[in-house]
Amino acid sequence: MRRTVVRFAPFSLFLLSLSGCNAIGDKSGSLSMIYGIMALLSLLLLIGYCCIGKKRDPWFVLLFSSVLVVNIGYYVLAVSQNLEQALIANRIAYLGSVFLPLSMLMIILNISGMHPPKWLSFTLLGLGAVVFLIAASPGYFDIYYKEVYFQKFNGITILNKVYGPLHGIYLIYLLGYFAAMVGSIVHATLKDKVESIAYAAILAVAVFVNIGVWLIEQLVRIDFEILSVSYIISECFLLGLHLFIDENNRKKLREPQPTSPEVSPPQPAIVTDPTDQAQLELFVAGLSRLTAKEQMLYDCYTAGMSTAQIMEQLSIKENTLKFHNKNLYSKLGVSSRKQLLHFAALKKHRDAKN
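It should be emphasised that the depicted structure is a prediction, and the values quoted were computed from it without experimental measurement.

### Some remarks on the overall build of the chain
Stage number 1. Helix and strand content of the chain: 13 helices and two strands.
Stage number 2. Looking at the chain as a whole, 44% of its 354 residues are labelled buried.
Stage number 3. Accessible area of the chain: about 18400 Å², with a carbon and sulfur share of 65%.

Have a look at this one:
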């Protein structure tokens, strides 16, 4: 069912976007209806994601919510009847637009195997809040727009603006996120942190689609906000890749683990040394903080697999294995595979005894 949803969503979105483009070219058509369809599709995608499985990534929830808020803003703006309503709609659209690139960056970092510290997430959330307050200031202050005018064009409402001194902040904010996304993908590819070149290519497409659309809207006057469509395409790209990686990891874990005489787990021992006892507690605590890839590597070690077998099983290169080893050993408080197997045996013995 999950694979069907992931494969069908981009296809249906493609058909819908084609029908939307036909409507855009028709001067007598209602563009507000297209914005309404985009908002409805965004809502369905958010509900669909929340109903897929029990484990939901908060950054994906933020991404889907942001796209929904953006498209609601575009729709409300299109049907606004006066300047006050249009400004409110403009603020709604900016609310989603400000936090959408943050969620995309965090998703790309996680898919690329780079897990940013929590303080960075909170810092970027605070920065987004500041940028939103500046972008939402029209109607109260003239720092973002010096002047703004209400106008009906081709049956929808648009805002004619004269930019203020702080309008460039939002452009710098977006360009900064785009640069961070591209830099993260390049870094992950060069450092072999992405499992496949295809994964990196999909991530790059998701980013460059939005960069291209954004540049087009800056350089060419278009009566339709193409970003309302490109945002949905991007979230489908990212969600599909995320689900594919998760499914691939679970499949590898379900496969039988071959054993090898090259490495044999030590016999269970009784913990009598206080130092061993303290380190065992650190070891057990570290197990709860392992990532999915690190947990797979730990399972391979405790199954007695050799280095060559592990690299083949996980489809990774030696440098990638060394990178995951470093993180795994650090979290478990060990310095070698032999020490890891020792404490894994101690934990197994203690669990069996309890």
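### Quick look at the nonpolar core
Stage number 1. Core analysis: the largest hydrophobic core is formed by 62 residues, its most contacted members being Phe 60, Leu 63, Tyr 170 and Met 181.
Stage number 2. The leading source of residues in this core is helix H4 (residues 83-111), at 16 residues.
Stage number 3. In terms of nonpolar packing, the next biggest core, distinct from the first, is built from 23 residues, Leu 280, Leu 297, Cys 300 and Tyr 301 among them.

### A word on helix H13 (residues 337-353)
Stage number 1. Under the 1.5 Å per step criterion, the end-to-end length of H13 is 24 Å for 17 residues, consistent within 8% with the ideal 24 Å.
Stage number 2. Within H13, the full set of buried residues consists of Arg 337, Leu 340, Leu 341, Phe 343, Ala 344, Ala 345 and Leu 346.

### Quick notes on the packing of helix H10 (residues 292-302) against helix H12 (residues 318-332)
Stage number 1. Where H10 contacts H12, the axes come no closer than 10 Å and their chain directions differ by 85 degrees. Put simply, H10 runs roughly perpendicular to H12. Every residue of H12 that contacts H10 at Lys 293, Glu 294, Leu 297, Tyr 298 and Tyr 301 is listed here: Leu 321, His 324, Asn 325, Asn 327, Leu 328, Tyr 329, Lys 331 and Leu 332.
Stage number 2. Residues belonging to the contact of H10 with H12 are distributed by class as follows: seven nonpolar, three polar and three charged.

### Thoughts on helix H2 (residues 31-51)
Stage number 1. Taking 1.5 Å of rise per residue, 21 residues should cover 30 Å, and H2 covers 30 Å from first to last C-alpha, within 8% of that figure.
Stage number 2. Among all positions in H2, only Leu 31, Ser 32, Ile 34, Tyr 35, Met 38, Ala 39, Leu 41, Ser 42, Leu 45, Leu 46 and Tyr 49 are buried.

### Side note on the packing of H4 against helix H6 (residues 167-190)
Stage number 1. Look at H4 against H6: their axes get within 9 Å of each other, and the N-to-C directions meet at 15 degrees. Comparing the axis directions of H4 and H6 gives the class roughly parallel. Note on packing geometry: the crossing formed by H4 with H6 is left-handed. Here H4 contributes Tyr 94, Ser 97, Val 98, Pro 101, Leu 102, Met 104, Leu 105, Ile 108 and Leu 109 to the contact with H6, which in turn contributes His 167, Tyr 170, Tyr 173, Leu 174, Tyr 177, Ala 180, Met 181, Ser 184 and Ile 185.

### Quick notes on the environment of Tyr 75
Stage number 1. Looking at the secondary structure, you find Tyr 75 in helix H3 (residues 58-78).
Stage number 2. The sequence separation of Tyr 75 and Ile 34 amounts to 41 residues, and the corresponding C-alpha distance is 8.3 Å.

### Regarding the environment of Leu 290
Stage number 1. Within the element layout of this structure, Leu 290 appears in the loop between helix H9 (274-287) and H10.
Stage number 2. For Leu 290, a relative accessible area of 13% corresponds to the buried category.
Stage number 3. Here Leu 290 is in contact with Gln 295, Tyr 298, Leu 328, Lys 331 and Leu 332, once residues within four sequence places are set aside.

### Some thoughts on the pattern of salt bridges
Stage number 1. For the structure shown, the criterion picks out two salt bridges.
Stage number 2. Here Glu 281 makes a salt bridge to Arg 350, at a shortest N to O gap of 2.5 Å. With Glu 281 in helix H9 and Arg 350 in helix H13, the pair connects residues that are 69 residues apart, well separated along the chain.
Stage number 3. Its relative accessible area of 38% is what places Glu 281 among the partly exposed residues.
Stage number 4. Arg 350 gets classed as partly exposed once you look at its relative accessible area, which sits at 23%.
Stage number 5. A salt bridge links Glu 294 to Lys 331, with the nearest nitrogen and oxygen atoms 2.8 Å apart. Of this pair, Glu 294 sits in helix H10 while Lys 331 sits in helix H12, placing them 37 residues apart in sequence. The pair Glu 294 / Lys 331 is uniform in exposure class, with both members buried.

### Description of the confidence of the model for the chain
Atomic detail in the predicted coordinates should be set aside for any region of low pLDDT.
Stage number 1. The predicted model of the chain averages 76 in pLDDT, with 71% of residues at 70 or higher.
Stage number 2. Across the chain, the element-wise mean pLDDT spans from 36 in helix H1 (residues 2-25) up to 93 in helix H5 (residues 118-135).
Stage number 3. Counting interchain partners and residues more than four positions distant, the pLDDT-below-50 stretch residues 1-29 has 29 contacts.
Stage number 4. Here residues 257-272 is modelled with pLDDT under 50, and outside its nearest four sequence neighbours on either side it reaches 34 contacts, counting other chains as well.

### Details of a nonpolar patch on the surface
Stage number 1. A cluster of nonpolar residues, Leu 40, Leu 43, Leu 44 and Ile 47, forms a patch on the protein surface that exposes about 350 Å² of accessible area.
Stage number 2. Mapped onto the elements, Leu 40 comes out in helix H2.

### What about the packing of aromatic side chains?
Stage number 1. Applying the stated rule across the entire model yields 12 aromatic pairs.
Stage number 2. Ring centres of Tyr 94 and Tyr 170 lie 5.0 Å apart, and the angle between their planes is 85 degrees; on these two criteria the pair is classed as edge-to-face. With Tyr 94 in helix H4 and Tyr 170 in helix H6, this pair connects stretches of sequence that are 76 residues apart. As far as burial versus exposure is concerned, Tyr 94 and Tyr 170 are alike and both buried.
Stage number 3. When the ring of Tyr 170 is compared with that of Tyr 173, the centres are 6.5 Å apart and the planes differ by 25 degrees; the resulting orientation is stacked. One end of the pair is Tyr 170 and the other is Tyr 173, both in helix H6 and three residues apart, which spans about a single turn.
Stage number 4. For Tyr 173, a relative accessible area of 6% translates into the label buried.
Stage number 5. Every member of this aromatic cluster is reached through a ring pair, and the members are Tyr 94, Tyr 144, Tyr 145, Tyr 163, Tyr 170, Tyr 173 and Tyr 177.

Parameters and conventions
Residues numbered from 1 in each chain as written. Predicted model: local features only at pLDDT ≥ 70, side-chain atom pairs only at ≥ 80, totals over all residues. Heavy atoms only, no water. Helix = DSSP H or I, 4+ residues; strand = E, 2+ residues; numbered from the N terminus. Buried < 20%, exposed > 50% of the residue type's maximum accessible area, 1.4 Å probe, protein only. Areas by Shrake-Rupley, 256 points an atom, 1.4 Å probe, with all protein chains shown as cover. Core = buried A, V, L, I, M, F, W, Y, C linked by side-chain atoms within 4.5 Å. Expected span 1.5 Å × (residues − 1). Axes fitted to C-alpha atoms, helices over the stretch in contact; angles between N-to-C directions. Parallel < 35°, antiparallel > 145°, perpendicular 65-115°, else oblique. Contact = heavy atoms within 4.5 Å. Nonpolar A, V, L, I, M, F, W, Y, C, P; charged D, E, K, R; others polar. Left-handed = near helix turned anticlockwise from the far one by under 90°. Salt bridge = Lys/Arg side-chain N within 4 Å of Asp/Glu carboxyl O. pLDDT = per-residue confidence, 0-100. Patch = residues over 30% accessible without salt bridge, like charges linked within 9 Å, V, L, I, M, F, W, Y side chains within 5 Å. Phe/Tyr/Trp six-rings, centres within 6.5 Å; stacked < 30°, edge-to-face > 60°.

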